[in-house]
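# Survey of secondary and tertiary structure
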Amino acid sequence: MPPVVGVLALQGDYAEHQLALHEQGLATRQVRTVRDLPGLAGLVLPGGESTTMLKLLDVEGLWAPLGAALRSGVPVLATCAGMILLAERVLDPVQRSYGLLPITVVRNGYGRQFHSGTFALQGEALPAGTTGTFIRAPRITAVGAGCAVLATRGPDPVLVAAGPIVAACFHPELQEGHPVTVQFAARVRTAAARVSAAVLGAAQFAAEQA
Ligand code: GLN
């Protein structure tokens with residue numbers, strides 16, 4: 001059984017994320033209610049409209065339970081609106097967020113629809129020629145301590161990580177086999193294998209004690 005990744009499915013391009021993860025051999029579960037959260041090996045917060053997502057998180061009573069899942073230590077991939085939900089500070093306008101990523105983001109910081117497009121990315125962890133598709137993307141204007149910049153677009157950080165959380169201003173799920181998706185899938189597999197090894201170890205210990 002492949003590890004199951006939860007994809008927040010209240011709004012936005014969650015279906016594309018599911019497809020991209022299935023292509024990497026992972027299973028997915030749409031997260032719409034609290035009941036969808038237990039047992040997940042990873043979490044994805046997709047792109048879309050962060051303001052709408054915030055409203056729906058409240059309507060579904062998901063704000064706090066999802067926050068607990070995001071803090072649980074499982075690998076997290078957040079893209080675009082998902083990154084906005086995790087940022088420490090959100091500007092234009094100021095907006096509530098989980099504050100788990102020490103970054104400041106300006107919503108639609110590259111302009112609106114007109115300025116969307118696919119651009120070259122620079123980053124040691126990415127193969128040469130990697131690009132990212134930006135759609136009314138947030139712009140990271142400050143990166144705090146404890147946050148690593150994994151890739152830039154020109155002078156701007158666009159892929160950042162803090163602990164098990166990786167967040168992108170762009171949409172890896174819109175490109176087949178994008179390195180960001182591939183690397184996330186690898187992290188999920190490693191983390192899931194560690195958990196099953198620990199569970200097996202505990203079972204073995206219990207059997208020896210019996
Ligand atoms: N502009 C959107 C927001 O502010 C994010 C856009 C996206 O996720 N592609 O929430």
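Attention now moves to the environment of G61. Turning to its location among the elements, G61 is positioned in the loop between helix 2 (50-59) and helix 3 (63-70). Between the C-alpha atom of G61 and that of V34, which follows or precedes it by 27 residues, the distance is 7.6 Å.

Its boundaries defined by the atoms lining it, the largest pocket holds a volume of some 190 Å³. Its residues assigned to classes, the lining of the largest pocket shows five nonpolar, five polar and five charged.

Looking only at helix 1 (residues 14-23), the buried set comprises Y14, H17, Q18, A20 and L21. Down the axis of helix 1, the smallest arc covering the buried residues is 165°, so these residues share one side. Buried residues along helix 1 sit in contact with strand 1 (4-8), strand 2 (27-31), strand 3 (42-45), strand 4 (76-79) and helix 5 (179-209). Positive backbone phi, approximately 85°, marks G25, located one or two places after helix 1.

Restricting attention to buried positions, one finds in helix 2 the residues S50, M53, L54 and L57. Down the axis of helix 2, the smallest arc covering the buried residues is 100°, so these residues share one side. Opposite the packed face of helix 2, turned more than 90 degrees from it, sit the exposed residues K55 and V59. In this structure, the buried residues of helix 2 make contact with strand 1, helix 3 and helix 4 (81-86).

Let's shift gears to the pairing of strand 6 (residues 101-106). Counting buried positions over the six residues of strand 6 gives six, a clear majority of the element. Along strand 6, one buried face is formed by L101, I103 and V105 and the opposite face, lined by P102, T104 and V106, is buried too. Strand direction decides the pairing type here: strand 5 (residues 87-91) and strand 6, joined by four bridges, are parallel. The residue bridging L91 from the neighbouring strand is V106, located in strand 6. In this structure, strand 6 lies alongside strand 9 (residues 139-143), joined through four bridges in antiparallel fashion. From the neighbouring strand, V106 faces strand 9, where its bridge partner is R139.

Here we come to the sheet that holds strand 11 (residues 156-162). Strands sit in the order 2-1-3-4-12-11-10 across an open sheet of seven strands; the sheet is mixed. Each having just a single partner strand, strand 2 and strand 10 (148-153) make up the two edges of the open sheet. On average, adjacent strands in this sheet sit at an angle of 20° to one another, irrespective of strand direction. Note that strand 1 and strand 3 share three bridges and pair parallel. Note that in strand 3 the partner of V5 across the bridge is G42. With respect to the sheet, helix 3 is in contact with strand 1, strand 3, strand 4 and strand 12 (165-168), its orientation differing from that of strand 3 by roughly 125°.

So, on to the site of the ligand. Taken together, G47, G48, E49, S50, C80, A81, I84, R107, N108, I135, R136 and H171 make up the full set of residues adjacent to the ligand. Between the ligand and S50, the relevant distance is 2.7 Å, taken from an oxygen atom to a main-chain nitrogen or oxygen of the residue. Take I135: an N or O atom from its main chain is 2.9 Å from a nitrogen atom of the ligand. Here the ligand, which alone exposes 300 Å², has 98% of that area covered by the protein. Most atoms of the ligand, that is more than half of them, are within 2 Å of grid points of the largest pocket. Its residues placed into classes, the shell around the ligand shows four nonpolar, five polar and three charged.

What counts, and at which threshold
Residues numbered from 1 in each chain as written. Predicted model: local features only at pLDDT ≥ 70, side-chain atom pairs only at ≥ 80, totals over all residues. Heavy atoms only, no water. Helix = DSSP H or I, 4+ residues; strand = E, 2+ residues; numbered from the N terminus. 1 Å grid on protein atoms, 1.4 Å probe; cavity = no way out; pocket = protein on both sides within 12 Å on 5 of 7 lines; lining within 4 Å. Points joined across faces, edges and corners; volume = space filled by probe spheres on them. Nonpolar A, V, L, I, M, F, W, Y, C, P; charged D, E, K, R; others polar. Buried < 20%, exposed > 50% of the residue type's maximum accessible area, 1.4 Å probe, protein only. Arc of directions from axis to C-beta. Contact = heavy atoms within 4.5 Å. Pairing = 2+ DSSP bridges. Axes fitted to C-alpha atoms, helices over the stretch in contact; angles between N-to-C directions. Near = heavy atom within 4 Å. Polar contact = N/O pair within 3.5 Å; in protein donor to acceptor, adjacent residues only side chain to side chain. Areas by Shrake-Rupley, 256 points an atom, 1.4 Å probe, with all protein chains shown as cover. Sits in = over half its atoms within 2 Å of the grid points.

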